[in-house]
Amino acid sequence: MDISVMEGSDNTTVALRGRFDFQTHLEFRRTVEGLLRAGHSALTLDLSEVSFIDSSALGMLLLARENCEKAGGVVVLNRPQEYVDKVLKLCHFDQLFQVLR
Amino acid sequence: MASMESNRAEAPLRASAELRFAIPSTPVALNAAVNMVRSTMEWMAFEQDWVSRAELCLHEALLNAHFHGNDADAKREIRVGCSLAPGKVEMDVEDEGQGYDPRQCLSTLRKGDPHGRGLYLIRRFMNSVAIHGNGTRVVMSLSKE
C-alpha cells in the first residue's frame, strides 16, 4: 500500500492507496505515530483509492482513533469505495468514526 | 463476431472448478492463494459482489490459520480447498494448530476492540460457516438458494 501525507494547519490528510491489510501494519502505525509526534492529531484518512480492507486494518483504524483522541484530535474516514464502505458499515465503524461519502 | 462476444460476456467460461492445494504458512503464500482464487472466480465470470465476499473471507480464514492456528510458523502448512460452480462457492481452510474452543469466538462485536473481527466478517459475508476439528478447519459457503 502507498501512503502519502498532506499536512495542513488544522487537519492533515493521509491518503492510502491499494490494499489496506495486515501487511500494512508497520507502515501505517509509523505514519500515524510520526504525525502525532509532530503535533498532528486531527487526521482525515482518504480511503478513495483503497481497494481492499481486512480485519487487521480495522483494528489499526481503531488504534489510530484512540491515539488521536488521546492527543485531543480526531480521525475522519473520507470517501471509502463501495465495498470498503460495506465492510465499515457491517462492523459499525460509521458509529465510531465520522465517515464522509 | 458480435454474437460471440455477447455470448462470452453472458456465460461463465467454465461450469465449475475445483482447487485444492497446500501452502506454507507465510504471508506471501497466503496472498498468492487469495489471488489465485479471486482470479479463477473472475475468469469464471462470478458477479463482483461474490468475488469480493469470497476474497475477504478466504483472506480472513487464512489469517486466522496462519497467525492463530500455525503461530506464524513457516514450517507449517495451510490446506485450502475451493469448489466453485454457478450459484455456489464453498471454501475450506485447515491449519496444523492445536485448535481452540469455538464457543469462545465472538459472533458479535465489542465496538472499540481492535481484535475479533475476522470470524465476525466471515459469518456476515458467507451464507454458512462451520468450524470443525476443534477449530483447526473452517468450511464456509455462498449459495444462491
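Cut-off values and rules
Residues numbered from 1 in each chain as written. Chains lettered and ligands numbered in written order. Predicted model: local features only at pLDDT ≥ 70, side-chain atom pairs only at ≥ 80, totals over all residues. Heavy atoms only, no water. Disulfide = S-S within 2.5 Å. Buried < 20%, exposed > 50% of the residue type's maximum accessible area, 1.4 Å probe, protein only. Contact = heavy atoms within 4.5 Å. Buried area = accessible area lost by both parts, 1.4 Å probe. Salt bridge = Lys/Arg side-chain N within 4 Å of Asp/Glu carboxyl O. Polar contact = N/O pair within 3.5 Å; in protein donor to acceptor, adjacent residues only side chain to side chain. Helix = DSSP H or I, 4+ residues; strand = E, 2+ residues; numbered from the N terminus. Nonpolar A, V, L, I, M, F, W, Y, C, P; charged D, E, K, R; others polar. Pairing = 2+ DSSP bridges. Axes fitted to C-alpha atoms, helices over the stretch in contact; angles between N-to-C directions. Lys, Arg positive; Asp, Glu negative; His and termini not counted.

1. Remarks on the state of the cysteines
Point 1. Enumeration over the complete set of coordinates arrives at zero disulfides over all chains.
Point 2. Cysteine A:Cys91 is unpaired, with the sulfur of B:Cys57 as its nearest cysteine sulfur at 11 Å.
Point 3. Residue classification places A:Cys91 among the buried residues on the basis of a relative accessible area of 1%.

2. With respect to the interface of chain B and chain A
Point 1. Each partner contributes to the interface: chain B provides 24 residues, whereas chain A provides 22 residues.
Point 2. Together chain B and chain A conceal approximately 1900 Å² of surface at their shared face, both sides included; 64% is due to carbon and sulfur atoms.
Point 3. Our count for the chain B to chain A interface comes out at two salt bridges.
Point 4. Salt-bridge contacts for A:Arg19 lead to B:Glu55; the nearest nitrogen and oxygen are separated by 2.8 Å.
Point 5. Remark: the boundary between chain B and chain A carries seven residue pairs in polar contact (both at pLDDT 80 or more).
Point 6. Of all the secondary-structure elements, those providing two or more residues to the side of chain B that touches chain A are α2 (27-43), α3 (48-69) and α4 (118-125) of chain B.
Point 7. Here the element with the most residues in the side of chain B that touches chain A is α3(B); it accounts for nine residues.
Point 8. Class assignment for the residues of the side of chain B that touches chain A results in 10 nonpolar, five polar and nine charged.

3. Digging into the sheet that holds strand β1 (residues 2-6) of chain A
Point 1. An order of β1-β2-β3-β4-β5 (chain A) is seen for the five strands of this open sheet, with the pairing classed as mixed. Both edges of this open sheet fall to β1 and β5 (98-100) of chain A, since each of them pairs with a single strand only. Going across the sheet, the axis of each strand differs from the next one's by a mean of 25 degrees, ignoring polarity.
Point 2. Pairing of strand β2 (residues 12-20) of chain A with strand β3 (residues 42-53) of chain A, which is carried by eight bridges, proceeds in the parallel orientation. Note on β3(A): the bridge partner recorded for A:Arg19 is A:Phe52.
Point 3. Across the face of the sheet, α3(B) comes into contact with β2 and β3 of chain A while running at roughly 105 degrees to β3(A).

4. Thoughts on the side chain of A:Asp54
Point 1. Its location among the elements puts A:Asp54 in the loop between β3 and α2 (55-70).
Point 2. Among buried charged residues, A:Asp54 stands out as having no salt bridge; its nearest opposite-charge side chain is A:Arg19, 7.0 Å away.
Point 3. Within the structure, the side chain of A:Asp54 is placed 3.2 Å from the backbone nitrogen of A:Phe22, a separation counted as a polar contact.
Point 4. Leaving out residues up to four positions away in the same chain, A:Asp54 has contacts with A:Phe20, A:Asp21, A:Phe22, B:Leu56, B:His59, B:Glu60 and B:Leu63.

5. Here we look at the environment of A:Glu7
Residues and elements named next belong to chain A.
Point 1. The topology assignment puts Glu7 in the loop between β1 and β2.
Point 2. Along the backbone, Glu7 and Val32 are 25 residues apart, and their C-alpha atoms lie at a distance of 12 Å.
Point 3. Discounting chain neighbours no more than four positions away, the residues touching Glu7 are Thr12, Leu35 and His40.
Point 4. Within the structure, Glu7 has its side chain in polar contact with the side chain of His40 (distance 3.2 Å).

6. Focus: the sheet that holds strand β5 (residues 137-143) of chain B
Residue and element names in this part refer to chain B.
Point 1. If you trace the five strands from one edge of the open sheet to the other, you get β1-β2-β3-β5-β4, paired in antiparallel fashion. The sheet terminates laterally at β1 (17-24) and β4 (128-132), the two strands that pair on one side only. Neighbour-to-neighbour, the strand axes of this sheet turn through a mean angle of 10 degrees, independent of strand direction.
Point 2. Of the strand pairs in this sheet, strand β2 (residues 77-85) and strand β3 (residues 88-94) are connected by seven bridges, and their pairing is antiparallel. Note that in β3 the partner of Ser83 across the bridge is Glu90.
Point 3. Each of β1, β2 and β3 touches α2; the most contacted strand, β1, lies at about 170 degrees to it.
Point 4. In the packing of α3 onto the sheet, contacts are made with β1, β2, β3 and β5, and the angle to β3 comes to roughly 10 degrees.

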